[in-house]
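Structure at a glance
What follows is each chain in one-letter form.
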Amino acid sequence: MENNLWLIITVAVTLAIMAFGVAGGIEKVNKVMMAALFGLFILLGTISSSCRAQETATNTYLH
């Protein structure tokens, strides 16, 4: 049931964006989403750098 709710929300948002067209919908939403994505990357980096196993994870990732 919960998956159906997310499907309905996704389809509704997509329809709302596409109703405004490429210039009106996608470009405007893209500006907001790119800023949100950048903010999430900053948040993820901050949280992961304060993790207890940060040194081990960094060594594993970089080597």
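Residues numbered from 1 in each chain as written. Predicted model: local features only at pLDDT ≥ 70, side-chain atom pairs only at ≥ 80, totals over all residues. Heavy atoms only, no water.

**Section: the overall build of the protein**
- Looking only at helices and strands, one finds three helices and zero strands in the protein.
- Mapped from its N terminus to its C terminus, the protein presents α and β elements in the order α-α-α.
- On C-alpha atoms alone, the protein measures out to a radius of gyration of 18 Å, which is more than a quarter above the 11 Å that the 2.2 N^0.38 rule sets for 63 residues.
- C-alpha extents for the protein along the principal axes are approximately 50 × 35 × 20 Å.
- Scored against the burial criterion, the 63 residues of the protein give a buried share of 2%.
- Carbon and sulfur atoms provide 72% of the accessible area of the protein, an area that totals close to 5800 Å². (Helix = DSSP H or I, 4+ residues; strand = E, 2+ residues; numbered from the N terminus. Rg over C-alpha atoms; globule rule 2.2 N^0.38 Å. Buried < 20%, exposed > 50% of the residue type's maximum accessible area, 1.4 Å probe, protein only. Areas by Shrake-Rupley, 256 points an atom, 1.4 Å probe, with all protein chains shown as cover.)

**Points about the packing of helix α1 (residues 2-19) against helix α2 (residues 21-49)**
- Their axes nearest at 6 Å, the elements α1 and α2 cross at an angle of 125 degrees. The orientation of α1 relative to α2 falls into the category oblique. Contact with α1, carried on its side by Ile17, Met18 and Ala19, involves Gly21, Gly25, Ile26 and Val29 of α2 and no other residues of that element.
- Taken together, the residues that form the contact of α1 with α2 break down as five nonpolar, two polar and no charged. (Axes fitted to C-alpha atoms, helices over the stretch in contact; angles between N-to-C directions. Parallel < 35°, antiparallel > 145°, perpendicular 65-115°, else oblique. Contact = heavy atoms within 4.5 Å. Nonpolar A, V, L, I, M, F, W, Y, C, P; charged D, E, K, R; others polar.)

**Observations regarding the environment of Val32**
- With respect to the element layout, Val32 can be found in helix α2.
- You can call Val32 exposed: its relative accessible area is 56%.
- For the pair Val32 and Thr58, spaced 26 residues apart in sequence, the C-alpha to C-alpha distance is 31 Å.

**A look at the confidence of the model for the protein**
- Confidence in the prediction of the protein, expressed as mean pLDDT, is 84, and 95% of residues score 70 or more.
- Predicted confidence in the protein is weakest over helix α3 (residues 54-62), with a mean pLDDT of 71, and strongest over α1, with 90. (pLDDT = per-residue confidence, 0-100.)

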